[in-house]
Structures are given as C-alpha cells and as structure tokens.
Amino acid sequence: MQAGQTRWWWIRHAPVPDGGRIYGQSDLDCDCTDGEIFSVLARELPHDAVWITSNLARTHQTAAAILAAGVDGRHGAAKPIAIPALAEQHLGEWQGMERKPFYAKRKVGTHTLWFGPADERPPGGESFVDLYDRVRPVIERLTVEHRGRDIVAVTHGGTIKVALAVALGLDPQAALSFLIENCSLTKLDYLQPDGAPGLWRVAAVNHRPWSRAATTLDAVGNPVPVAVDKA
C-alpha cells in the first residue's frame, strides 16, 4: 500500500428473511448459509485490517461469517467494532409495512430508486439526507484515525450509498442511483501523500467476486460454468 493511502472495503450485510416487509433499522437476523460467498469474500479482503460494523445484528453476523471463512488465518483475531452511527436509515412508520404495495404506490423501481426523495423524512424516522449527515462525519473521522490502514466496514446499503456520495462529492439524491446488493463489495481508497490534499479513488462498486468463482473460460474466452463442491 502507498504511504498515506487508506483503503475502505465496504460490504453490505447478507440477505434478510424479512417476510416481504420493509425493515430499515429494525434489528433482524440475516441468512449466512451460503458458505461459498463468505469464503470468496474472506480471500478478497486484506490482512491486518480494522474491522467495523453497525450496531445491528445482521452486520455482526455477516462479519462473523466472513471471518470464520478465513481458514488461512489471514484475518487473525479481528474483533469488529460496532458503530451505531453507521446503521441503516431509520424508516420510521414505514418499517414493517408490506414492501410490494408500498413500492407500487410510490412507484419505487420505476419512477424513484429509493423509498422516497433524499430529503423526505418518514413519520417517526429520518430522511436519506439525515443518514448522510450522520454517516459522513464517521467516515471522515475514521479515515484520519486509521490513515494508512485498510478498513473493512460491514454495514448497509444506505450507508454505502453515503460513502459513495462522500467519495464522489455527490448530492445525496444522486447517490440513490447506486445499486448495492447483499454481500457486495464497494472499495474506496483515500489518497493523501504527505503535504498534498486528499482525494478519493473509486476502485469497485457493488462487486460480487463470488459470481466469477464458479466459472472458467473456454478457448475463445466465453464463460463456462463449472461445478462447485459445497460439501
């Protein structure tokens, strides 16, 4: 790693069996049964990193599954630090509502890419702008505190969209255009050589490294599926 370079490895938590309901900041468990995904992530992630999560169980469980899959010992005895400010957007009274009719009424996925505009605050909850204002100072603080280190942050889709907004200098509304899938990896490097202003480099967004793990290439470069032994 170059001097003054701080690398963020953002991972969205594993899928949540939510019964078709919006969960937001509800503290639900996630499904970590697909061992191949966590084995691949464990191989992708760097040695000697600082590990952080939010305060919600699904991020703790995902981090634990990745660490447990690192059989080569590369992650040592990493103990993730839980930071409540990195939790998902609190969706207030929308939490617990059935997703399908909510999406249909608000045209989510066709006319909008999030639950509502970035500045809309659901009753009893917070807007995406509120989420941005809570997450950004944490990113800035940890980037300074762990300068020159790798930071593995197992968090949430909304939190990672904020990280991309910070890196790219985007308006929060624009950041909602990013797709962040479960267990995907988003890599953001902060470069700050001595005596120079810092700048962000986007190395990967929504990267799913396990999707290439079960394929090979034929003689002309076409992907060919191969069997994966999950015993």
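One can find the structure itself at the top, above this paragraph.
This one's a predicted model, so the numbers in the text were calculated from it and none came from an experiment.

Chemist: Go over the overall build of the protein chain, please, and point to the residues and values.
Modeler: Along its length, the protein chain carries six helices and eight strands. When the elements of the protein chain are put in sequence order from the N terminus, they spell out β-α-β-α-β-α-α-β-α-α-β-β-β-β. Split into buried and exposed, the 231 residues of the protein chain put 45% on the buried side. In the protein chain, the share of contacts with a sequence separation of at least 24, taken over all contacts with a separation of at least 6, comes to 75%. Element-wise, carbon and sulfur atoms account for 53% of the exposed surface of the protein chain, whose accessible area totals about 11300 Å².

Chemist: Give a detailed account of the side chain of T112, specifying residues and quantitative values.
Modeler: Mapped onto the elements, T112 comes out in the loop between α3 (99-106) and α4 (128-145). The exposure class of T112 is buried, given its relative accessible area of 19%.

Chemist: Kindly report on helix α1 (residues 35-44), identifying the contributing residues and their values.
Modeler: Among all positions of α1, only I37, F38, V40, L41 and A42 are buried. On its buried side, α1 packs onto β1 (5-12) and α2 (57-69).

Chemist: Account for the pattern of salt bridges, with residues named and values stated.
Modeler: As a working rule, side chains carrying opposite charge can pair if their charged atoms are close by. Inspection of the entire model under this criterion finds twelve salt bridges. The shortest N-O distance in the salt bridge between E98 and R21 comes to 3.9 Å. On the criterion of sequence distance, the pair formed by E98 in the loop between β3 (81-82) and α3 and R21 in the loop between β1 and α1 is long-range, its members being 77 residues apart. Overall, E98 belongs to the partly exposed group, its relative accessible area being 45%. With relative accessibility at 38%, the residue R21 sits in the partly exposed group.

Chemist: Describe in detail unusual backbone geometry, supporting the description with residues and values.
Modeler: Of note in the backbone geometry, D48 takes a positive phi value of approximately 55 degrees without being a glycine. With respect to the helices and strands, D48 occurs in the loop between α1 and β2 (50-53). One non-glycine residue with positive phi stands out, namely K107, at about 60 degrees. With respect to the helices, strands and loops of the structure, K107 is situated in the loop between α3 and α4.

Chemist: Describe the environment of H60, listing the residues and the values that go with them.
Modeler: Take H60: it is sitting in helix α2. Judged by relative accessible area, H60 falls into the partly exposed class, the value being 35%. Each C-alpha atom, one on H60 and one on I81, is 9.3 Å from the other, the two residues being 21 residues apart in sequence. Aside from chain neighbours lying at most four places away, what touches H60 is T53, S54, N55 and A82. Within the structure, H60 has its side chain in polar contact with the side chain of T53 (distance 3.5 Å).

Basis of the calculations
- Residues numbered from 1 in each chain as written.
- Predicted model: local features only at pLDDT ≥ 70, side-chain atom pairs only at ≥ 80, totals over all residues.
- Heavy atoms only, no water.
- Helix = DSSP H or I, 4+ residues; strand = E, 2+ residues; numbered from the N terminus.
- Buried < 20%, exposed > 50% of the residue type's maximum accessible area, 1.4 Å probe, protein only.
- Contact = heavy atoms within 4.5 Å.
- Areas by Shrake-Rupley, 256 points an atom, 1.4 Å probe, with all protein chains shown as cover.
- Salt bridge = Lys/Arg side-chain N within 4 Å of Asp/Glu carboxyl O.
- Polar contact = N/O pair within 3.5 Å; in protein donor to acceptor, adjacent residues only side chain to side chain.

Geometric descriptors of this kind do not, in isolation, establish any biological role.
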